[in-house]
Amino acid sequence: MKIDIKGLFPYELIEPNWRLWSFVAVLAAGFWALLAYPMEAFAGYIDPFYSPTVLIVPLPGAFRLTCYAYRKDYHRHLFKHPLGCANPDRGDGTERKYTGERSAVFQLENFHRYFLYAGIAILPFFYFDFYQSLAYSGTLRLGSIVLLANALLLSGWTLSCHAFRHIVGGNMNCYSCAFGGGLRKSVYDKQSWLNKHHEALAWISLLTIVFADLFLRGVAAGFPDPTLLRL
Ligand code: FES
């Protein structure tokens, strides 16, 4: 009996695709490294990947993985489907046709609006870690600046989210008639400005969090962490 495995799994998972599988390998190696080489708090510093605990990483991780900025890239460059709307070749074939947002992958991605709440809930921890690093030594060290930059960029990325834009100002025809009126409109305008830079913030904040982790691991291993200011 011939089993049609192509009908059972998403096409991307069975089609030989070195880009997709190398990405999956990098992701798996990253998670393995975070669990295998945990970073304990030291000298007032808490590694952002462990704030508040590495066990909650999957939730903000899901928020990041379903972000529109990355979706565009992995659909076009990893899954190779669907390709850009303006592209005359949409990447459709007999095995995979673009079916709107009905496929399992798209349905999962639509949970992004709920993962946003996990992304927002975790933000205060990064600011607390910055404060903790100051309170521990009574000085401003380079490591504290790295933690602050990380907190600000993560906030910028989270608050510029398209789903957050919808929460702030979507589904509304008249601001002056709605609760919060002018204030809400002004928040919406500011968020719209931030939203224009969402893709850049997505990539920069991703690099910053990895940099902060490596920086703190370096300091723990003996790299210099100069004091910039006595408080
Ligand atoms: Fe990127 Fe929501 S769209 S975080």
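Residues numbered from 1 in each chain as written. Predicted model: local features only at pLDDT ≥ 70, side-chain atom pairs only at ≥ 80, totals over all residues. Heavy atoms only, no water.

**Q** Whenever I open this one, the packing of helix 4 (residues 68-78) against helix 10 (residues 198-220) confuses me. Can you help?
**A** Each packed pair of helices is defined by two parameters, the angle between the axes and the distance between the axes. Interaxial distance between helix 4 and helix 10 falls to 8 Å at its minimum, and their mutual angle equals 85°. Classified by the angle between their axes, helix 4 and helix 10 sit roughly perpendicular to one another. Contacts between helix 4 and helix 10 pair Ala69, Tyr70, Lys72 and Asp73 from the former with His198, Glu199, Ala202, Trp203 and Leu206 from the latter. Classifying every residue of the contact of helix 4 with helix 10 by side-chain character gives 5 nonpolar, 1 polar and 3 charged. (Axes fitted to C-alpha atoms, helices over the stretch in contact; angles between N-to-C directions. Helix = DSSP H or I, 4+ residues; strand = E, 2+ residues; numbered from the N terminus. Parallel < 35°, antiparallel > 145°, perpendicular 65-115°, else oblique. Contact = heavy atoms within 4.5 Å. Nonpolar A, V, L, I, M, F, W, Y, C, P; charged D, E, K, R; others polar.)

**Q** Can you help me understand the pattern of salt bridges in this one?
**A** Oppositely charged side chains can form a pair if their charged atoms are brought close together. Under the defined criterion, the tally for this structure stands at 4 salt bridges. The shortest N-O distance in the salt bridge between Arg71 and Glu109 comes to 3.9 Å. Here the residue Arg71 occupies a position in helix 4, and Glu109 occupies one in helix 5 (residues 104-109), the gap between them amounting to 38 residues. The pair Arg71 / Glu109 is uniform in exposure class, with both members buried. Ionic pairing is found between Lys185 and Asp189, a salt bridge with its closest N-O pair at 3.0 Å. (Salt bridge = Lys/Arg side-chain N within 4 Å of Asp/Glu carboxyl O. Buried < 20%, exposed > 50% of the residue type's maximum accessible area, 1.4 Å probe, protein only.)

**Q** How should I be thinking about the packing of aromatic side chains in this particular structure?
**A** Applying the stated criterion across every chain yields a total of 8 aromatic pairs. Where Phe63 meets Trp157, the ring centres are 4.8 Å apart and the plane angle is 45°; that geometry is what we call tilted. With Phe63 in helix 3 (residues 58-65) and Trp157 in helix 7 (residues 142-159), the pair connects residues that are 94 residues apart, well separated along the chain. Of the two residues examined, Phe63 and Trp157, each falls in the buried class. Aromatic pair Phe111 and Tyr114: ring centres 6.0 Å apart, planes at 50°, arrangement tilted. Using a relative accessible area of 43% as the deciding quantity, one classes Phe111 as partly exposed. Above the face of the Trp157 ring, Arg64 is positioned so that its terminal group lies 3.8 Å from the ring centre. (Phe/Tyr/Trp six-rings, centres within 6.5 Å; stacked < 30°, edge-to-face > 60°. Lys NZ or Arg CZ within 6 Å of the ring centre and 35° of its normal.)

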